[in-house]
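Coordinate analysis (summary)
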Amino acid sequence: MRVLAAMSGGVDSAVAAARAAEEGHDVTGIHLALSRNPKSYRTGARGCCTIEDANDARRAADVIGIPFYVWDMSERFHEDVVEDFLSEYAEGRTPNPCLRCNEKIKFAAVLDRAIGLGFDAVVTGHYAQLRTGSDGLIEMHRAEDMSKDQSYVLGVLTQDQLAHSLFPLGDTPKAVIREEAARRGLAVAAKPDSHDICFISDGDTGGWLADKLDDVNRGGVIVSADGEKLGEHEGSWRYTIGQRRGLRIGTPAADGQPRYVLDIEPVSGTVTVGPREALAVDGLEAIRPRWCGTAPEPGVPLECTVQLRAHGDEHRAVVTTDGDAVEVQLLDPASGIAPGQAVVVYAGSRVVGSATISATRRASTSLVEARR
Amino acid sequence: MTVYLDHAATTPILPEAAAAMTAQLGRVGNASSLHASGRDARRLVEESRESIARALGCRPGEVVFTSGGTESDNLAIKGLFWSRRSQDPRRVRILSTPVEHHAVLDPLMWLATEGAKVELVGVDRLGRLDIDAFRAAVEADPESVALVSVMWANNEVGTVQPVRDVVEIAHAHGIPVHTDAVQALGQLPLDFAASGVDAMTVTGHKIGGPYGVGTLLVRRELQPTALLHGGGQERGIRSGTIDPPAIAGFAVACETAVARQGELAERLAGLRDALVSGVLREVPDAIHNGDPQPGPDHRLPGNAHLEFPGCEGDSLLMLLDARGIECSTGSACDAGVPQASHVLLAMGSSEEFARSSLRFSLGHTSSQADVDALVAAIGPVVERARNAALSSRSAR
């Protein structure tokens, strides 16, 4: 096959490209430039937006012996990922930009362009496994190395996208990948993993949001679950559901227990806090489902597991769909779940699909109003 | 087989130049040393200087060796600005064009933060300086102009600038003129003295010489302030140990390129016309940029700049590269990100059009077979790039 290897400049994508080339594919490497001015988003050595990263990717391509180009995806990335991230936060939700980037950039804009240019597939260094199921459809499974599993951020991919994707690393533990990179002479073998959001250069998401959302719902009040005013804040987007630190509430709770953000109401700017128990969620509603293969039968409860955040725990659940609406009943309650996050549905190790959480149901109260 | 159509980026070294250079690589001798080995090295450098002076129509003392085009441009722009302003503090304006190479534009933008008033006089649709606007800009306040810098021929679209008219207007007020002639040398007739310019940038690797060596030709009467201070080589304008092997190779390339210029220009103009008409036959809606009229006052004979509506330039480049055909999309930043060409934008092109163009540039090794290979490939490549642009634009 003619395949396009998306190379971030990190060790995973370099080994993925090398493996694809070794399997006999005709591989072309590309680095995605996601910022118009490559210095503006990130200045450290990690992440995916620096000149050093582009150079690391280029040197890896040299060693593998494949052609290499830089594709400018900065406009699409800004519109589809950065602006979306900002507007989600401004509306009190907690988005996952990596998921969004996979959905809109890597496996959409890049894949579509690749197909148009005559490539058969895109290869990336994501940790997930693709198999052909008995029905002939491509199935995506969790990675062998659960500590590196990235099927959660790939849960947005549809059958068409999966049919044009290769994830050569899914069957291998990360430590082995590093050894393999060293053996292949790839200079990035010991390069640290990136953890932060790639377009926030110093990892200070709060500070970055404060800068960008300066004139959005500036102030508001912090109240307890029963409506008592406890303090004021300078922007509801500074808070995430489940957050404990940095609340700066003068008076302690009556029972002396720490308090957590329970709810964010962006229009009035009200942030509700309360005890840890009040964070427990036993049900949620989600929208915009994307199914990897066949969609679940509408109205028929599906016993499955769900994952609610990257590297989060699995929860046993029952999922019921109704067109674009997805209802999730959690058999194992979850804590600190925020609208905007993705719920990814699994059948064993297989990804069934994903949807965006729009409302949560608190276990402690009979029902918290479904807001979004 | 590689089809190399990017001679404006760099052109293969001439065998004569490589031989002259390699003959010197094993020899010892700092050209500033006083002993016999030093004198031998110095003699080689001075003989090279003399042959370059003969080839380019200047005096040997006007040849200041540098590391190449970027350094020569920086030395001319910053050095002449500083020295002219120190003679008269009213001289703070620099007049230039928006289609200059970044080696001129970026020093200008930097000087603007150091008190210079930079005025980029506009160009027309062909990329040629609006000479009336230029005259008006000079005459608005000639006393305040420190210098003028206008390139001889544009590196992207190949348009030749009216340097003679620029010199006439500037010299009427005693204002020195610098020109970047990096692309012109070897392709167009070039004579420093006859041109009237006061400083001229040329470089080795664009004419079949080695990388990393070039010169700023600068009139004896002008003493640009040095960028590099040290041993005082090159009239004290450019300190640094002289590189005899590179200079020897550069001198041979210069002589050879000038001697063969007429014949090369004629041959390249023929190949270029065949390339443009062949591509337009295969892709009828392609648009030719720059001056359509041939001749040394109009365009570089080896440059063909074409716009392919509906295509991304970098898709085209990648598809051609996969077929062994090498060309350029214009300027690229450090990371290799293609940027919309500032030259095309200055010529009135939209950002979208500016991103859909390719530059094919021919040189001394170009042949009809190169042109035929491109013409054979371009139709399917453009069709594929168009499909890719359409499919990546539509949302999934």
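Residues numbered from 1 in each chain as written. Chains lettered and ligands numbered in written order. Predicted model: local features only at pLDDT ≥ 70, side-chain atom pairs only at ≥ 80, totals over all residues.

1. A word on the overall build of chain A
A tally of regular secondary structure across chain A gives nine helices and 17 strands. Dimensions along the principal axes, computed over C-alpha positions, put chain A at roughly 65 × 50 × 35 Å. Looking at chain A residue by residue over its 372 residues, the buried ones come to 48%. (Helix = DSSP H or I, 4+ residues; strand = E, 2+ residues; numbered from the N terminus. Buried ≥ 20, exposed ≤ 12 C-beta atoms within 10 Å, placed from the backbone.)

2. Overview of the overall build of chain B
Along its length, chain B carries 12 helices and 12 strands. The C-alpha atoms of chain B give a radius of gyration of 22 Å, which matches the 21 Å a tight globule of 396 residues would have. For the C-alpha atoms alone, the extent of chain B along its principal axes is close to 70 × 55 × 40 Å. For chain B, long-range pairs separated by at least 24 residues make up 74% of all intrachain contacts whose partners lie at least 6 apart in sequence. (Rg over C-alpha atoms; globule rule 2.2 N^0.38 Å. Contact = placed C-beta atoms within 7 Å.)

3. What about the nonpolar core?
Ranked by internal contacts, the top residues of the largest apolar core, which has 218 residues, are Ala5, Ala14, Ala17 and Val343 of chain A together with Cys254 and Leu316 of chain B. Ranked by residue count, the leading element in this core is helix H8 (residues 244–282) of chain B, at 14 residues. Ignoring anything within four residues of it in the chain, the contact list for Leu316 of chain B reads Phe308, Cys311, Leu358, Val381, Val382 and Ala385 of chain B. (Core = buried A, V, L, I, M, F, W, Y, C linked by C-beta atoms within 7 Å.)

4. Quick notes on helix H9 (residues 313–322) of chain B
Residues and elements named next belong to chain B. Along H9, eight of the 10 residues are buried, which leaves the element largely enclosed by surrounding structure. Burial in H9 covers these residues: Gly313, Asp314, Ser315, Leu316, Leu317, Met318, Leu319 and Leu320. In the segment just after H9, Gly324 is the residue with positive phi, at about 80 degrees.

5. Focus on the domain arrangement of chain A
Residues and elements named next belong to chain A. Domain boundaries in chain A define domain 1 (2–190), domain 2 (217–274) and domain 3 (278–362). On a C-alpha basis, the centroid separation for the pair domain 1 and domain 2 is 38 Å. Every contact between the two is made by five residues of domain 1 and, on the other side, seven residues of domain 2. The class makeup of the residues in the side of domain 1 that touches domain 2 is two nonpolar, two polar and one charged. (Domains from an automatic or database assignment. Nonpolar A, V, L, I, M, F, W, Y, C, P; charged D, E, K, R; others polar.)

6. Section: the sheet that holds strand E7 (residues 199–203) of chain B
All names here are of chain B. As summarised here, the arrangement of the seven strands in space is E2-E8-E7-E6-E5-E3-E4, forming an open sheet in which the pairing is mixed. Strands with a single pairing partner mark the edges of an open sheet, and in this sheet they are strand E2 (63–66) and strand E4 (117–120). Going across the sheet, the axis of each strand differs from the next one's by a mean of 20 degrees, ignoring polarity. As defined by bridge partners, E7 adjoins strand E8 (residues 214–218) across five bridges and the pair is classed as antiparallel. Bridge pairing in E8 links Met200 to Leu217. Here helix H4 (residues 102–112) sits on the sheet and contacts strand E3 (93–96), E4, strand E5 (145–149) and strand E6 (177–180); the angle it forms with E3, its principal contact strand, is near 155 degrees. (Pairing = 2+ DSSP bridges. Axes fitted to C-alpha atoms, helices over the stretch in contact; angles between N-to-C directions.)

7. Observations concerning the sheet that holds strand E12 (residues 357–361) of chain B
Residues and elements named next belong to chain B. Pairing in this open sheet of three strands is antiparallel, and the strands run E9-E10-E12 from one edge to the other. Looking along the sheet, the strands with just one partner apiece sit at the ends: strand E9 (287–289) and E12. Taken over all neighbouring pairs, the strand axes of this sheet differ in orientation by 30 degrees on average, direction set aside. Inspection of the sheet shows E9 paired to strand E10 (residues 303–307) by three bridges, in the antiparallel sense. Within the sheet, the bridge partner assigned to Asn289 lies in E10 and is His305. Its contacts with the sheet place H8 against E9, E10 and E12, and it is angled at close to 15 degrees to E10.

8. Digging into the domain arrangement of chain B
All names here are of chain B. Taken domain by domain, chain B holds domain 1 (3–9 + 261–393) and domain 2 (15–256). Domain 1 puts 26 residues into the contact, and the matching count from domain 2 is 22 residues. Contributions of two or more residues to the side of domain 1 that touches domain 2 are made by H8, E10 and helix H10 (342–346). Here the side of domain 1 that touches domain 2 is built from residues that sort into nine nonpolar, 13 polar and four charged.

9. Things to note about unusual backbone geometry
Residues and elements named next belong to chain B. Located in the positive-phi region is Glu234, a residue other than glycine, with phi close to 55 degrees. Structurally, the position occupied by Glu234 is in the loop between E8 and H8. On the neighbour-count criterion, Glu234 (21 C-beta atoms within 10 Å) is buried. One non-glycine residue with positive phi stands out, namely Arg235, at about 60 degrees. Mapped onto the elements, Arg235 comes out in the loop between E8 and H8. Residue classification places Arg235 among the partly exposed residues on the basis of 15 C-beta atoms within 10 Å.

10. Notes on the packing of helix H5 (residues 131–140) of chain B against helix H6 (residues 163–171) of chain B
Residue and element names in this part refer to chain B. As a packed pair, H5 and H6 sit with axes 10 Å apart at the nearest point and diverge in direction by 15 degrees. One finds that H5 runs roughly parallel with respect to H6. Here H5 runs over H6; the crossing is right-handed. Across the interface between the two elements, Ile131, Phe134, Arg135 and Val138 of H5 pack against Asp165, Val166, Ile169 and Ala170 of H6. Each residue belonging to the contact of H5 with H6 can be placed in one class, and the counts come to six nonpolar, no polar and two charged. (Parallel < 35°, antiparallel > 145°, perpendicular 65-115°, else oblique. Left-handed = near helix turned anticlockwise from the far one by under 90°.)

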